[in-house]
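Residues per chain are reported as follows:
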Amino acid sequence: MKIAIICPMEEEIGYYREHLDMKSRGIIGDTEMWDAEYEGHELIIVRCGIGKVNSTIAATLVAQEGPDVMINTGSAGAIAQDRQIGDVVIGEATMYHDADSRPFGYELGQVPSMPARYKAPENLVEGFLEAYRNTDLNATVGLILSGDQFIHSVEKVNWLYETFPGAQCAEMEGAAVAQVAYKFGIPCIVIRSISDTASQDAEVLFEEFVVTAGKNAAKVTLDYLKHI
Ligand code: ADE
């Protein structure tokens, strides 16, 4: 299969670099793409940069390659209290937490004319669950929130948890990648691992654990690819 793996930051790509022979295609704008082979799959690894626009650009570029699946991996801040640093979240669905067109009858988080939530296909969710069970990591299946905000306060975490039932973690790219995949009809899933509490000192924790989080999300992803 042809698999596109989109990561925001270099720190979140490390595990792929360690396990794959990645050949750079060069940089378009700020987006770097690498080709690699893994377990009979053709992989395209993409570094998209941080935030919704950067991830949209990268996802649109890689969508032109006709991947069978698009996977977004990386770090996230914890929103559900019981998510610990290093835990993996398998994105059953992703949605924006910073979109608001409610005066026109849309849900909070919904972009007009688009679904409120981008659901991952069941076979992908099941496949990733199966893959994580063979690791020593903790994983949860749940909702991942995306927005152009680095979440760094208890008040915001509580508001997100109460406003978006089932939210497990927050990051800055996943729903944008899923929206592009939705528009191109490409199956897509977001896999994140917790780097910080999204509360006070989130930036300090993030700096310390972004590599671990990127690695855990990547590990589950490569394990998943072994079995399909
Ligand atoms: N990615 C990792 N940690 C994050 C946070 N606290 N907020 C948004 N995106 C993140």
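Residues numbered from 1 in each chain as written. Predicted model: local features only at pLDDT ≥ 70, side-chain atom pairs only at ≥ 80, totals over all residues.

The condition is simple: UniProt positions are given in the numbering used here, feature names are shortened, and annotations may be inferred rather than shown by experiment.
Looking at an unreviewed UniProt entry, one finds the protein named adenosylhomocysteine nucleosidase and attributed to Aerococcus agrisoli. UniProt's Pathway (unreviewed entry) comment on the protein is quoted here verbatim: "Amino-acid biosynthesis; L-methionine biosynthesis via salvage pathway; S-methyl-5-thio-alpha-D-ribose 1-phosphate from S-methyl-5'-thioadenosine (hydrolase route): step 1/2."

### Thoughts on the packing of helix 3 (residues 122–133) against helix 6 (residues 202–226)
To be explicit about the condition: In this analysis an axis means a line fitted to C-alpha atoms, helices contributing only their contacting stretch, and an angle means the value between N-to-C directions, from 0 to 180 degrees. By definition, any uninterrupted DSSP run of H or I lasting at least four residues is a helix, any uninterrupted run of E lasting at least two residues is a strand, and each is numbered from the N terminus. The cut-offs work like this: below 35 degrees is roughly parallel, past 145 is roughly antiparallel, 65 to 115 is roughly perpendicular, and the gaps in between are oblique. Here contacts are defined at the residue level, using C-beta atoms placed from the backbone and a cut-off of 7 Å between them. In the scheme used here, Gly and all other residues not listed as nonpolar or charged are polar, with Ala, Val, Leu, Ile, Met, Phe, Trp, Tyr, Cys and Pro taken as nonpolar and Asp, Glu, Lys and Arg as charged.
In contact at an axis separation of 8 Å, helix 3 and helix 6 are set at 105° when each is read in the N-to-C sense. In terms of orientation, helix 3 and helix 6 fall into the roughly perpendicular class. Where helix 3 approaches helix 6, its residues Gly127, Phe128, Ala131 and Tyr132 are matched on the opposing element by Val220, Asp223 and Tyr224. Among the residues forming the contact of helix 3 with helix 6, the class breakdown is five nonpolar, one polar and one charged.

### Here's the deal with the packing of helix 2 (residues 52–63) against helix 5 (residues 174–184)
Formally: Rotating anticlockwise by less than a right angle from the far helix to the near helix defines a left-handed crossing, while the corresponding clockwise rotation defines a right-handed one.
Between helix 2 and helix 5, the least distance of the axes is 8 Å, while the angle of their chain directions is 35°. Considering how the two elements wind past one another, helix 2 and helix 5 form a crossing that is right-handed. Of helix 5, the residues touching helix 2 (which contributes Lys52, Ser55, Thr56, Ala59, Thr60 and Ala63) are Ala176, Val177, Val180, Ala181 and Phe184. Here the residues of the contact of helix 2 with helix 5 sort into seven nonpolar, three polar and one charged.

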